[in-house]
Amino acid sequence: GAVVSQHPSRVICKSGTSVKIECRSLDFQATTMFWYRQFPKKSLMLMATSNEGSKATYEQGVEKDKFLINHASLTLSTLTVTSAHPEDSSFYICSASRGRMGDTEAFFGQGTRLTVV
Amino acid sequence: AQSVTQPDIHITVSEGASLELRCNYSYGATPYLFWYVQSPGQGLQLLLKYFSGDTLVQGIKGFEAEFKRSQSSFNLRKPSVHWSDAAEYFCAVGTDKLIFGTGTRLQVFP
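All values derive from a computational prediction rather than experimental measurement. (Residues numbered from 1 in each chain as written. Chains lettered and ligands numbered in written order. Predicted model: local features only at pLDDT ≥ 70, side-chain atom pairs only at ≥ 80, totals over all residues. Heavy atoms only, no water.)

Undergrad: Break down the environment of Glu88 of chain B for me, citing the residues and quoting the values.
TA: Residues and elements named next belong to chain B. Within the secondary structure, Glu88 sits in strand β10 (residues 87-94). Assessed through its relative accessible area of 12%, Glu88 is described here as buried. Separated by 15 residues in sequence, Glu88 and Gly103 have C-alpha atoms that sit 6.3 Å apart. Once residues within four sequence positions are removed from consideration, Glu88 is found in contact with Tyr36, Val37, Gln38, Thr102, Gly103, Thr104 and Arg105. Only 3.2 Å separates the side chain of Glu88 from the side chain of Arg105, close enough to count as a polar contact. (Helix = DSSP H or I, 4+ residues; strand = E, 2+ residues; numbered from the N terminus. Buried < 20%, exposed > 50% of the residue type's maximum accessible area, 1.4 Å probe, protein only. Contact = heavy atoms within 4.5 Å. Polar contact = N/O pair within 3.5 Å; in protein donor to acceptor, adjacent residues only side chain to side chain.)

Undergrad: Any details on the side chain of Asp85 of chain B? Residues and values, ideally.
TA: All names here are of chain B. Here Asp85 lies in the loop between β9 (73-78) and β10. A distance of 2.8 Å separates a polar side-chain atom of Asp85 from the backbone nitrogen of His82. Residues contacting Asp85, with those up to four places away along its chain left out, are Phe63, Lys78 and Leu106.

Here is the structure:
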């Protein structure tokens, strides 16, 4: 199966700083990548969808200036949490797809635990 | 409104017992349907998916799910649960992006 790697798996940062999370498709080209946020004991909430070379499409209620998403290549997307605050602490998960849903599935990274102190 | 409901927040079964996890959805058209499993602190692993065709789909680890259009349901089943199946299970539906249910935590007693 296809492999999606997320880095780092855990990060602790100080309030007010920015942190970048990488999502890489290791053995396939991902035309679309998705970023999710998961609160404790809660479901995954889609934050944004990004297509290679295009601006990300953010879900309603997600601050695009706070959660910067870049999909610079077919194998890499990054999520940057800018001016992080403790309420941004969460589990962030990316997924990548090499085609349209219905033609193929999306593959998930292992997630990044962000703690803002 | 589009939504996915997993009515059981927490299920406990004995090892070797059968399992059924419920999933109902509300969607404008028939979406693609998925079941994922998540171990603590980990990402999601796809168990099975339904795109079209036979409404009974087989997945990995001995799981299967049945799509019932009339009931807008996609319940996950396993005839004999193993201790290693203890995890969080998510149902998801969508056509271009996924909507997830709130998950069902499965606990397995020896």
